[in-house]
Amino acid sequence: MTKYIIKRILMIVPIVLSVIFVLFIMLYFLAGSSIRQMPVFGGGDALDSAFAFFNAGDNFITKYIRYCYNILIKLDFGKGGIGIGLMRTLKYRIRNTLLLLGSGIGTMLVAGIPAGVYAAVHKNRFSDRIINVVTLLLSAIPNFSTAFLLSLVFAVYLRIIPVAVSYTSPGAFFLPALTIAIGGIASFARMVRTCMIETLEQPYIIALRSKGLNETGVVYTHALKNALVPVVSDLGGLVSRLLLGTLVVEHFFSVPGLGSLMMASVSSRDHNTILGCTAILTVILTATNIAADILYAFLNPRIRLMYAGKKRRETDGERS
Amino acid sequence: MNTTSNIWFDFLRKLCKNRAAVAGFFVFLSICIACALAPYLTKWDYFSIDTTIVHAAPSREHILGADNLGRDIFSRLLYGGRVTLRIALVSTSLAAAVGCAAGLIAGYFRGRADFFISHLLDMLASIPVFMLIIVTEASLGWGRGYFMYALAAAAVPQFAMLVRASAMNIMGCTYIEAARALGVRHDKIIRRHVLHNIAPPLIIRFTSGITEALVICTIMGYLGVGINPPTPEWGALAYTGKAFTRSHPLLIILSSAAIAVCVISVSLFGDGLRDALDPRE
């Protein structure tokens, strides 16, 4: 199992490198550089010297390798458009984005599983219908509309939580995190419900029931673990959707996060910042995917066994 | 031929029994038709500014009123639906076609092609969607519809992985082996056996692909990526409406509702399809 986990974690490096490579190609060959837009370096000789200053004249592969070496070994992302070291800006923004995304994922798991299980157990009853309709509605309403509704309710009518605040205290993140969580909970609960219903129809559940096991034991000890296997394999897609939601929410509540930095740097054609943000967001996304994979392996004995030691596999084989 | 048509007939009958799915299908279809027929349904265009009717309330002339520049909201919604739905439908179809081809090659022929395609797809799947869109827009130029292709590229891995897995499942069956032994050509096996078996999961994936593309497209419109201002797009309309929520909330409510109704109707239809195509019942 440890071998499997280490192998999966090491996979982050080639994935991030290849993603940067693709974006490097797109930005390098296709776009105007931000140097051209700096008024100081108007054109002609001045432009040439500027290119020399920023090492822009080096060939593509040299630049790529140097960039990868810098971010992987030295954790140095170069300089942003205004000449400040990018790492300093990024550090602060990574914290904000991770806080939003993490609380979104956490709330999604904590609230989505019970809601989905409850709906599945009470299938086709009134409470299931209610949960079904509410989750369908909430998962369909776009993120920016949820953000708008929440800010209207909490900040304008109830006047409990202010909207435009400086993001220094954790309380300020309540509304943005809630917005991200709502969409996540709804889609996650629907997924859990579908898979749970399928699992509850399996023969081994009937066997457990006829053995006289109480309902809580059947549902939470035996069925839930198996029902979560397909859900976990879809978790990666859900997280990438939450990341998209984070971008919108950062924009709406003007949270200084990676998404808003990226939007700003796209309009100022600040390629280094785009690349830096992309690299970090890819690491975040890949890391959550890998966490989902590892969780999948924990839940699914087939994969766990595949990577268990040879001796263990043999004894397990004898037992079964 | 007779048996295949019976299977599809069975499936249609099952689908028609599911009222929610049928309703979803017709709601989405009527929205699509209404948007397609936009020039015939309203006499106003989506871009002319009339400063005398800024923020006008709904009236007989302007059914849903006018926006902050005095443009008819109803026609902006219809023309906006054209943009949004076209992007969602075209990008999903494109992704389905490319993903299906790539998945078939990888799952049917295996070997080196499979290795190459799988790793390429893994890499593509780990680029966050909006990053791909933003970088495409930043490098190819803004607001010229290029992000449709980025959207398609981002959706390709999901289709291709699905097709690859289903194809590999079918390749284990003895009737494929029998067909190969009889000397049936590859393209015929793919058309007659593999595609028929892949169709159900692919159709279901297609409906959820449409909702995902719709959501991403409106988010990009809201953020102002890929859609230039005079062009109406549901997300962009919501962004315009956001500035006037307290005094004139109609625009943001209507555009959000349009997005939500489309997403709900397509996902209801998709749920119905999944139930009807489930072989276990």
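Residues numbered from 1 in each chain as written. Chains lettered and ligands numbered in written order. Predicted model: local features only at pLDDT ≥ 70, side-chain atom pairs only at ≥ 80, totals over all residues. Heavy atoms only, no water.

Caption draft 1: Examining the side chain of B:Arg164 more closely. All names here are of chain B. Structurally, Arg164 can be placed in helix α7 (residues 147-171). Side chain to side chain, Arg164 and Ser118 meet in a polar contact 3.5 Å long. Residues in contact with Arg164, not counting those within four places in the same chain, are Gly103, Ala106, Gly107, Asp114 and Ser118. (Helix = DSSP H or I, 4+ residues; strand = E, 2+ residues; numbered from the N terminus. Polar contact = N/O pair within 3.5 Å; in protein donor to acceptor, adjacent residues only side chain to side chain. Contact = heavy atoms within 4.5 Å.)

Caption draft 2: Representation of the packing of helix α1 (residues 2-10) of chain A against helix α14 (residues 271-299) of chain A. All names here are of chain A. It is at 10 Å that the axes of α1 and α14 come closest, and there the two elements cross at 160 degrees. Between α1 and α14, the angle falls in the class roughly antiparallel. Helix-helix and strand crossings are classified by hand; for α1 and α14 the assignment is right-handed. Taken together, the residues of α14 that come into contact with α1 (itself represented by Tyr4, Ile5, Arg8 and Ile9) are Ile290, Asp293, Ile294 and Ala297. (Axes fitted to C-alpha atoms, helices over the stretch in contact; angles between N-to-C directions. Parallel < 35°, antiparallel > 145°, perpendicular 65-115°, else oblique. Left-handed = near helix turned anticlockwise from the far one by under 90°.)

Caption draft 3: Spatial organisation of empty space enclosed by the protein. Here the structure, examined in full by the defined rule, presents 1 cavity of 30 Å³ or more. Surrounding the largest cavity, A:Thr97, A:Leu243, A:Thr246, A:Leu247, A:Glu250, A:Leu258, A:Gly259, A:Leu281 and B:Phe130 form its lining. Contributing elements (two or more residues each) for the lining of the largest cavity: α12 (235-252) and α13 (258-267) of chain A. The leading source of residues in the lining of the largest cavity is α12(A), at 4 residues. In terms of residue class, the lining of the largest cavity is made up of 5 nonpolar, 3 polar and 1 charged. (1 Å grid on protein atoms, 1.4 Å probe; cavity = no way out; pocket = protein on both sides within 12 Å on 5 of 7 lines; lining within 4 Å. Points joined across faces, edges and corners; volume = space filled by probe spheres on them. Nonpolar A, V, L, I, M, F, W, Y, C, P; charged D, E, K, R; others polar.)

Caption draft 4: Focus on the environment of B:Thr207. Note on placement: B:Thr207 falls in helix α9 (residues 186-223). Aside from chain neighbours lying at most four places away, what touches B:Thr207 is B:Val266, B:Phe269, B:Gly270 and B:Leu273.

Caption draft 5: Representation of the confidence of the model for chain A. Residues of chain A with pLDDT of at least 70 account for 80%, and the chain-wide mean is 78. Averaged pLDDT values over the elements of chain A bottom out at 50 in helix α16 (residues 310-319) of chain A and peak at 88 in helix α7 (residues 126-140) of chain A. (pLDDT = per-residue confidence, 0-100.)

Caption draft 6: Geometry of helix α4 (residues 73-109) of chain B. All names here are of chain B. Helix length check: α4, at 37 residues, gives a terminal C-alpha distance of 53 Å against a target of 54 Å (1.5 Å per residue), a fit within 8%. Between the side-chain oxygen of the N-cap and the backbone nitrogen of Ser75 there are 3.1 Å, and the N-cap of α4 in question is Asp72. Just past α4, the residue Arg110 takes up positive phi, approximately 50 degrees. (Expected span 1.5 Å × (residues − 1).)

Caption draft 7: Representation of the pattern of salt bridges in the model. Taken as a whole, this structure holds 11 salt bridges over all chains when the rule is applied. Measuring nitrogen to oxygen at the nearest pair gives 2.8 Å for the salt bridge that ties A:Arg209 to A:Glu215. Exposure remark for A:Arg209: the relative accessible area of 36% places this residue in the partly exposed category. With a relative accessible area of 37%, A:Glu215 lands in the partly exposed category. One connected set of salt bridges, linked through shared partners, spans A:Arg190, B:Asp271 and B:Arg274. (Salt bridge = Lys/Arg side-chain N within 4 Å of Asp/Glu carboxyl O. Buried < 20%, exposed > 50% of the residue type's maximum accessible area, 1.4 Å probe, protein only.)

Caption draft 8: Seen up close, the interface of chain A and chain B. Across the boundary between the two partners, chain A contributes 38 residues, which contact 38 residues of chain B. The junction of chain A with chain B conceals about 3,600 Å² of combined surface from both sides, 80% of it contributed by carbon and sulfur atoms. Interface area lost by chain A to chain B is led by A:Phe144, A:Phe148 and A:Leu244, which between them contribute 17%. At the boundary of chain A and chain B, one finds 2 salt bridges. (Buried area = accessible area lost by both parts, 1.4 Å probe.)

Caption draft 9: Region of interest: the packing of aromatic side chains. What the rule picks out here adds up to 7 aromatic pairs over all chains. Taking 5.0 Å as the distance between ring centres and 40 degrees as the angle between the ring planes, the aromatic pair formed by B:Phe25 and B:Phe269 counts as tilted. Of this pair, B:Phe25 sits in helix α2 (residues 19-36) while B:Phe269 sits in helix α11 (residues 250-277), and the two are 244 residues apart along the sequence. For B:Phe25, a relative accessible area of 34% puts it in the partly exposed group. Plain terms: the ring middles of B:Tyr108 and B:Phe109 are 4.8 Å apart, the flat faces sit at 80 degrees to each other, and that makes the pair edge-to-face. With relative accessibility at 44%, the residue B:Phe109 sits in the partly exposed group. Through a chain of ring-to-ring contacts, the aromatic side chains of A:Phe144, B:Tyr222 and B:Tyr239 assemble into a single cluster. When the ring centre of B:Phe159 is taken as reference, the NZ or CZ atom of B:Arg205 above it lies at 5.8 Å. Cation over ring: B:Lys242 sits above A:Phe252, and NZ or CZ is 4.8 Å from the ring centre. (Phe/Tyr/Trp six-rings, centres within 6.5 Å; stacked < 30°, edge-to-face > 60°. Lys NZ or Arg CZ within 6 Å of the ring centre and 35° of its normal.)

Caption draft 10: Region of interest: a nonpolar patch on the surface. Residue and element names in this part refer to chain B. Together, Phe25, Phe26, Leu29, Ile33, Leu37, Tyr40 and Leu41 give the surface a local cluster of nonpolar side chains, amounting to about 710 Å² of exposed area. For the nonpolar patch, the secondary structure elements donating two or more residues are α2 and α3 (38-41). A total of 4 residues in the nonpolar patch trace back to one element, the largest contributor, which is α2. Counting through the fold element by element, Leu37 comes out in the loop between α2 and α3. (Patch = residues over 30% accessible without salt bridge, like charges linked within 9 Å, V, L, I, M, F, W, Y side chains within 5 Å. Areas by Shrake-Rupley, 256 points an atom, 1.4 Å probe, with all protein chains shown as cover.)

Caption draft 11: Spotlight on the nonpolar core. If you look at the biggest cluster of nonpolar residues, it comprises 139 residues, and the most contacted ones within it are B:Met220 and B:Trp234. The dominant element in this core, judged by the number of residues it contributes, is α14(A), at 13 residues. When residues are assigned to domains, this core turns out to be shared by domain 1 (15-74) and domain 2 (86-319) of chain A, each giving three or more. Setting aside anything within four residues of it in sequence, one finds B:Met220 in contact with A:Leu244, A:Leu247, B:Phe130, B:Ile133, B:Phe147 and B:Val225. One finds B:Ala96, B:Ala155, B:Val156 and B:Ile170 within the second-largest nonpolar core, a separate group that totals 24 residues. (Core = buried A, V, L, I, M, F, W, Y, C linked by side-chain atoms within 4.5 Å. Domains from an automatic or database assignment.)

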